[in-house]
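Next come the chains, spelled out residue by residue.
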Number of protein chains: 2
Amino acid sequence: VTAFASRWVEPPAGVAEHPVGGLAAGFRAAGVAAGIKPSGDPDLGLLACSEPDAVSAARFTSSGAPAAPVLLCRSRCRLDALGAVVVNSGNANAATGNRGLEDAARMQGAAAMAASVREDRVAVASTGVIGVPLPMDGMMKAILAARGELAPGGDRAFWRAIATTDKFEKLLSLDVELPAGTVRISAQAKGAGMIQPGFATMLCFVQTDAVLAAETAELLLGVCVKRSFERISVDGQLSTNDAVLLIASGASGVIVEQESDDELRFGEALDYALRRLALQIVRDGEGAARVARVHVHGGHDATIEAVARAIANSPLVKTALHGGDPNWGRIAQAVGAAVPGAGPLPFDIWIEGVQVCAAGVAVPHDTAALAAAVAGEEVEYVVGLPGEGAETEVFFSDLSHDYIRINAEYTT
Amino acid sequence: VTAFASRWVEPPAGVAEHPVGGLAAGFRAAGVAAGIKPSGDPDLGLLACSEPDAVSAARFTSSGAPAAPVLLCRSRCRLDALGAVVVNSGNANAATGNRGLEDAARMQGAAAMAASVREDRVAVASTGVIGVPLPMDGMMKAILAARGELAPGGDRAFWRAIATTDKFEKLLSLDVELPAGTVRISAQAKGAGMIQPGFATMLCFVQTDAVLAAETAELLLGVCVKRSFERISVDGQLSTNDAVLLIASGASGVIVEQESDDELRFGEALDYALRRLALQIVRDGEGAARVARVHVHGGHDATIEAVARAIANSPLVKTALHGGDPNWGRIAQAVGAAVPGAGPLPFDIWIEGVQVCAAGVAVPHDTAALAAAVAGEEVEYVVGLPGEGAETEVFFSDLSHDYIRINAEYTT
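Each chain has its residues counted from 1, running along the sequence as written. Just so you know, chain letters begin at A and ligand numbers begin at 1, following the order they were written in. With the structure being a predicted model, the display of local features is reserved for residues of pLDDT at least 70 and the display and counting of side-chain atom pairs for 80 or more, all residues being used for whole-chain, interface and lining totals. Excluded from the side-chain calculations are hydrogens and water; all other atoms, namely the structure's heavy atoms, are used.

Asks: In this structure, what is going on with the overall build of chain A? I would like to understand it.
Replies: Scanning chain A from terminus to terminus reveals eleven helices and 17 strands. Here the globule rule reads 2.2 Å times residues to the power 0.38, and the radius of gyration is calculated from C-alpha atoms. Computed over the C-alpha atoms, the radius of gyration of chain A is 22 Å, within 12% of the 22 Å expected from 2.2 N^0.38 for a compact globule of 412 residues. Think of it in three bands: residues with accessible area under 20% of the maximum for their type are buried, residues over 50% are exposed, and the middle band is partly exposed, with areas taken using a 1.4 Å probe on protein chains only. Taking all 412 residues of chain A together, 62% fall into the buried category. Contact definition: two residues touch when any of their heavy atoms are within 4.5 Å. For chain A, the proportion of contacts with a sequence separation of at least 24, taken over those separated by at least 6, is 81%. The Shrake-Rupley method, run with a 1.4 Å probe, gives the accessible areas here. Residue values count only the displayed protein chains as cover. When the accessible area of chain A is evaluated, it comes to approximately 13900 Å², of which 52% is carbon and sulfur surface. The convention is simple: Lys and Arg are positive, Asp and Glu are negative, and His and the chain ends are not counted. Charged side chains are reduced to one point each, which is NZ for Lys, CZ for Arg, CG for Asp and CD for Glu. Separation of charge centres in chain A, based on 32 positive and 48 negative side chains, amounts to 6 Å. Each helix is a run of DSSP H or I of at least 4 residues and each strand a run of E of at least 2, with the numbering of both proceeding from the N terminus.

Structure representation (structure tokens):
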């Protein structure tokens, strides 16, 4: 499991990295090659829960052009009682029409057999190129092959099979001490580009062996997604395929009652897990060398959200971040663009704790010290707008030559 | 004057490039070095109209953080009766507070003396780095020096003095045959990055020797800006300093009556001039190698506008354009992001006349022929959404390594 450290995401008390890793109890996973990726790398993942009464919760992309697997999950799955997931990478199965829906249904059927669960309890997910039919023969064989590979320690192989342009692993396995007992949370995420969540913009699969009510899973996943995958941006682009799934097997026997201290602690651990994976996605933003957090406070929710997004998605701010350039004029420009009006708006800007702008006017500061402060891997911007009571944050990556290289050459 | 040709912007009948160039009658201009640019290049431009009854119209940025010269123009200028313009490049005079307003007022006062017009008839504009005070001593001397350089053929020197990262000249001098007689339109524009007009995102100064009522100037400039600088994007970023000014000297004696055939013809010529300059700004988009036009049609104005902007500002679409990659999946992704919903939205996509997506589903096509078709300098995308009666277009540039290089190193 990848070592992780950030000043922005700290593990809460009672949450520890599992020394060996692996999935939460009651789960097995596998990753195999179905021949979708020309490289021959693994591109088909299967996750199965052995407990018949598993509960689940799910969130999907808000895109108006959702991929076939998203449409299938919404219309033909018991999203509160999932027991298996089948995922392919290398092909999004998007803009593929009825054939795409049929292919997704065939994946669901084969995975139901392979995982020994009912079809409507199998979620389907895809990621990759848009507008190309899936090579179904290879995939059906791969799903059968994955059955034989299913293992409690299969999370790493599963992760490899769902990754595309990801440069490093994004998976975790946490021991969580609750008053009622110890449970495990395991999770695997992929995503590096086409990342700005309407709520999420990638694939993330979370497992726990805690005993949760379906309502609890739904509530906690909703809250934690809002604080994690909804708060990141690599390139401001919403994918057709985003999905986040939480499945609770109950295999630990540790019951997380609603509105209990156990629920609070479990929620904190889930929050940590998803924020950590979200930040890892930003760090792995295509070509990213530096990551930033912008924190915006003021009097109006809609305004601070617009300002935070305008800064996080500004190619001028992102190239300055890449260049290690404390060019706060670009922050000012983004603020002005997000809050149109005859102005001038009296906004404040701090970079790494140094105030550079007060009430819309430049503040003299030690530019050499500031340049040194933004040379690190993490940079923090704070923007103050008039009023009080509202605050938000967005984590974002820089914009680099490698983003251009990766994306100018993606299909050709 | 730069040779210009595009399939998207054709000169109307009766409009011809002036063989020698130069400003419309009644105008003189100059460009000198004030010492703002470290290179020593010209960075102060002065434009003066000799006719006491000149009329004018103006448009400014919609940014909530407008620069001092924009605030000054709005509050202390007769925008319908301008007789001079003073412009500096290399420094935006933005986020400079009261000192910035005083500096802009001093520029206005000095230019009024230099051009022999009243202060409230002098417009002030700036472009460059945000948050740095202007070097006023050098500027006051430069304004006086510019007075001695004012010339009817000074448009090229004036252009050089207003340019920053521009790679080529953007100026024109047109003879326009009207039923009432021949008039001239001259114009100078700068702009390459931080370009997405709320209405305009750069500086553009337009002169004519036609006799216009102030209401006519206002009406025609408003319509033509909507069809030109409002329809372009380099990087989706709104500047703090954008300004477009039209001044009519009346020196030709050719009267353009309201609601006449002359007004119609003059409007067509102004429309051509501004669309041509707008397209040149896109072509000069920082690092741009290719330009594209996206045309969107459908049933709802707000939806087609959102889709057109989402495509024009998508870094994924822009990198694919840069790579000469007909990756229409990125167009589909941008459409889906702009029109959230449980979908699927039945949209159509054509690239260079080849349909690649129908009702949201991939259409088989000759991919080699399409790749060849998008290898040129101009690429055209057409997107059809449900419904009829609404259409729009946006011109945009690609996203290249040079954009990163230029903007990662802008202040450091």
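Asks: For this particular structure, what's the right way to read the relation of the copies chain A and chain B?
Replies: Each of the two chain copies goes to the other by way of a rotation about an axis and a shift along it. Here the copies are superposed with least squares, the fitted atoms being C-alpha atoms of residues at a pLDDT of at least 70 in both. The transformation that overlays chain A on chain B combines an axial shift of 0.0 Å with a rotation of 180°, and the residual RMSD is 0.0 Å. The superposition operator between the copies reduces to a two-fold rotation axis. Among all C-alpha atoms of chain A, that of H401(A) lies closest to the rotation axis, at 2.7 Å. Most of the interface of chain A is mirrored in chain B, where 100% of its interface residues again form contacts.

Asks: Is there a simple way to think about the sheet that holds strand β16 (residues 378-384) of chain B in this case?
Replies: Adjacent strands of a sheet form backbone hydrogen bonds with each other and so pair up, either parallel or antiparallel. Residue and element names in this part refer to chain B. Strand pairing requires that DSSP identify at least two bridges connecting the strands. Strand order in the open sheet made by the seven strands is β10-β17-β12-β16-β13-β14-β15, with mixed pairing throughout. Edge positions in the open sheet fall to β10 (232-233) and β15 (361-362), since each of these has one partner strand only. Pairing between strand β12 (residues 291-298) and strand β17 (residues 390-397): eight bridges, direction antiparallel. Residue pairing for β17: V291 is matched across the bridge by S397.

Asks: Teacher, can you tell me more about the pattern of salt bridges here?
Replies: Here the idea is simple: oppositely charged side chains can pair when their charged atoms come close. Residue and element names in this part refer to chain A. In the sections that follow, a salt bridge refers to a side-chain nitrogen of Lys or Arg positioned within 4 Å of a carboxyl oxygen of Asp or Glu. One pass over the full model with this rule turns up 37 salt bridges over all chains. A salt bridge links R309 to E305; the shortest N-O distance between them is 3.0 Å. With R309 and E305 both in helix α7 (residues 301-313) and four residues apart, the pair spans about one turn of that helix. By relative accessible area, which is 27% here, E305 ends up partly exposed. Through salt bridges with shared partners, a single ionic network connects R7, R283, E352 and E378.

Asks: Got a minute to help me understand the pairing of strand β17 (residues 390-397) of chain A in this structure?
Replies: Every regular strand shows the same layout, with side chains that alternate between the two sheet faces. Residue and element names in this part refer to chain A. Burial of β17 is extensive: seven of the eight residues sit out of reach of the surface. Alignment of strand β10 (residues 232-233) against β17, held across two bridges, turns out to be parallel. Paired with I232 across the bridge in β17 is F395.

Asks: Looking at this structure, I do not really get the interface of chain A and chain B. What am I missing?
Replies: Often, the extent of an interface is quoted as the loss of accessible area on bringing the components together. The interface of chain A with chain B comprises 55 residues on the first partner and 55 residues on the second. Buried surface at the junction of chain A and chain B, summed over both partners, amounts to about 4300 Å²; 63% is from carbon and sulfur atoms. Linking chain A to chain B there are zero salt bridges. For this analysis, a polar contact is any N or O atom pair within 3.5 Å, provided that within protein one partner can donate a hydrogen and the other can accept it, and provided that sequence-adjacent residues contribute only side-chain to side-chain pairs. At the junction of chain A and chain B, the tally comes to eleven residue pairs in polar contact (both at pLDDT 80 or more). For the side of chain A that touches chain B, the elements supplying multiple residues, two or more each, are α1 (68-76), α8 (315-322), α9 (329-338), β15 (361-362) and α11 (401-408) of chain A. Residues are sorted three ways: Asp, Glu, Lys and Arg are charged, Ala, Val, Leu, Ile, Met, Phe, Trp, Tyr, Cys and Pro are nonpolar, and all the rest, Gly among them, are polar. Taken together, the residues of the side of chain A that touches chain B sort by class into 26 nonpolar, 24 polar and five charged. Two parts lose some accessible area (1.4 Å probe) when they are put together, and adding that loss for both gives the buried area.

Asks: Looking at this structure, I do not really get the packing of aromatic side chains. What am I missing?
Replies: To describe a pair of aromatic rings, one takes the distance between the centres and the angle between the planes. All names here are of chain A. Ring pairs are drawn from Phe, Tyr and Trp, using the six-membered ring of Trp, whenever the two centres fall within 6.5 Å, and their geometry is named by plane angle: stacked under 30 degrees, edge-to-face over 60, tilted for the rest. One pass over the full model with this rule turns up six aromatic pairs over all chains. When the ring of W8 is compared with that of F395, the centres are 5.6 Å apart and the planes differ by 55°; the resulting orientation is tilted. Linking W8 in the segment before β1 (15-17) with F395 in strand β17, this pair joins segments that are 387 residues apart in sequence. When the centroid spacing of 5.6 Å and the interplanar angle of 75° are considered together, the rings of F158 and F205 count as edge-to-face.

Asks: What exactly am I supposed to notice about the side chain of S56(A) here?
Replies: In this structure, S56(A) sits in strand β4 (residues 55-60). A polar contact of 2.9 Å, which involves the side chain of S56(A), links it to the backbone nitrogen of L82(A).

Asks: Looking at this model, I keep getting lost on the confidence of the model for chain A. Mind explaining?
Replies: Predicted coordinates in regions of low pLDDT should not be interpreted in detail. The predictor attaches a confidence to each residue, and that confidence, scored 0 to 100, is pLDDT. Within chain A, residue pLDDT values average 92, and 96% of them lie at 70 or more. ipTM for the predicted complex: 0.83, alongside a pTM of 0.88.

Asks: For this particular structure, what's the right way to read the side chain of R309(B)?
Replies: Owing to a relative accessible area of 13%, R309(B) belongs among the buried residues under this scheme. A distance of 2.5 Å separates a polar side-chain atom of R309(B) from the backbone oxygen of E230(B).

Asks: Looking at this structure, how should I read the state of the cysteines?
Replies: When two cysteine sulfur atoms are found within 2.5 Å, that pair is recorded as a disulfide. Per the stated rule, a full pass over the model turns up zero disulfides over all chains. Summary of cysteine pairing: C204(A) is not part of a disulfide, and the nearest cysteine sulfur, belonging to C224(A), is at 11 Å.

Asks: For this particular structure, what's the right way to read unusual backbone geometry?
Replies: Keep in mind that most residues, glycine aside, have a negative phi and that most peptide bonds are trans. Located in the positive-phi region is N93(A), a residue other than glycine, with phi close to 45°. Within the element layout of this structure, N93(A) appears in the loop between β5 (84-91) and α2 (97-115). Positive phi, normally seen in glycine, also occurs at A95(B), with a value near 55°. Residue placement: A95(B) occurs in the loop between β5 (84-91) and α2 (97-115). For A95(B), a relative accessible area of 12% corresponds to the buried category.

Asks: How should I be thinking about α8(A) in this particular structure?
Replies: Think of an α-helix as 3.6 residues a turn; residues three or four steps apart then line up on the same face. Residues and elements named next belong to chain A. Taking burial as the measure, the eight residues of α8 include seven buried ones, the bulk of the element. Here α8 has its buried residues at P315, L316, V317, K318, T319, A320 and L321. Where α8 begins, one side-chain oxygen reaches toward the backbone nitrogen of L316, 3.1 Å away; that side chain belongs to S314. Residue G324 follows α8 closely and has a positive phi angle near 60°.

Asks: Teacher, can you tell me more about the sheet that holds strand β14 (residues 354-358) of chain A here?
Replies: Read across the open sheet, the seven strands follow the order β10-β17-β12-β16-β13-β14-β15 (chain A); overall the sheet is mixed. This sheet does not close on itself; its edge strands, each paired only once, are β10 and β15 of chain A.

Asks: What's the story with helix α4 (residues 155-162) of chain B in this structure? I'm lost.
Replies: Taken together, the buried positions of α4(B) are occupied by D155(B), F158(B), W159(B), A161(B) and I162(B). Mapping the buried residues of α4(B) onto a view down its axis gives an arc of 165°, with all of them on the same face. This arc describes the spread of directions from the helix axis toward the C-beta atoms.

Asks: Looking at this structure, I do not really get the environment of E51(B). What am I missing?
Replies: Residues and elements named next belong to chain B. Tracing the sequence through the fold places E51 in the loop between β3 (44-49) and β4 (55-60). With relative accessibility at 30%, the residue E51 sits in the partly exposed group. Note: C-alpha distance between E51 and V117 (66 residues apart in sequence) is 9.7 Å. Apart from residues lying up to four places away in sequence, E51 is in contact with G26, S249 and A251.

Asks: Help me understand the environment of P344(A) in this model?
Replies: Along the chain, P344(A) falls in the loop between α9 and β13 (348-351). C-alpha separation for the pair P344(A) and V361(A), spaced 17 residues apart in sequence, amounts to 9.9 Å. Excluding residues within four positions of it along the chain, P344(A) makes contact with G64(B), P66(B) and L71(B).

Asks: Looking at this structure, how should I read the packing of α7(A) against α9(A)?
Replies: Think of two packed helices as two axes; the pair is described by the angle between the axes and how far apart they sit. All names here are of chain A. In the contact formed by α7 and α9, the axes pass within 8 Å of each other and the chain directions differ by 135°. What the angle tells us is that α7 and α9 run oblique. Note that α7 runs across α9; the crossing there is right-handed. Within the contact between the two elements, α7 uses A306, V307, A310 and I311 and α9 uses I331, A334, V335 and A338. Grouping the constituent residues of the contact of α7 with α9 by class yields eight nonpolar, no polar and no charged. For every element, the axis is a line fit to its C-alpha atoms; helices are fit only across the contacting stretch, and the angle between N-to-C directions ranges from 0 to 180 degrees. Put simply, angles under 35 degrees are roughly parallel, angles over 145 are roughly antiparallel, angles from 65 to 115 are roughly perpendicular, and the rest are oblique. Left-handed describes a crossing whose near helix is turned anticlockwise from the far helix by less than a right angle; the clockwise case is right-handed.

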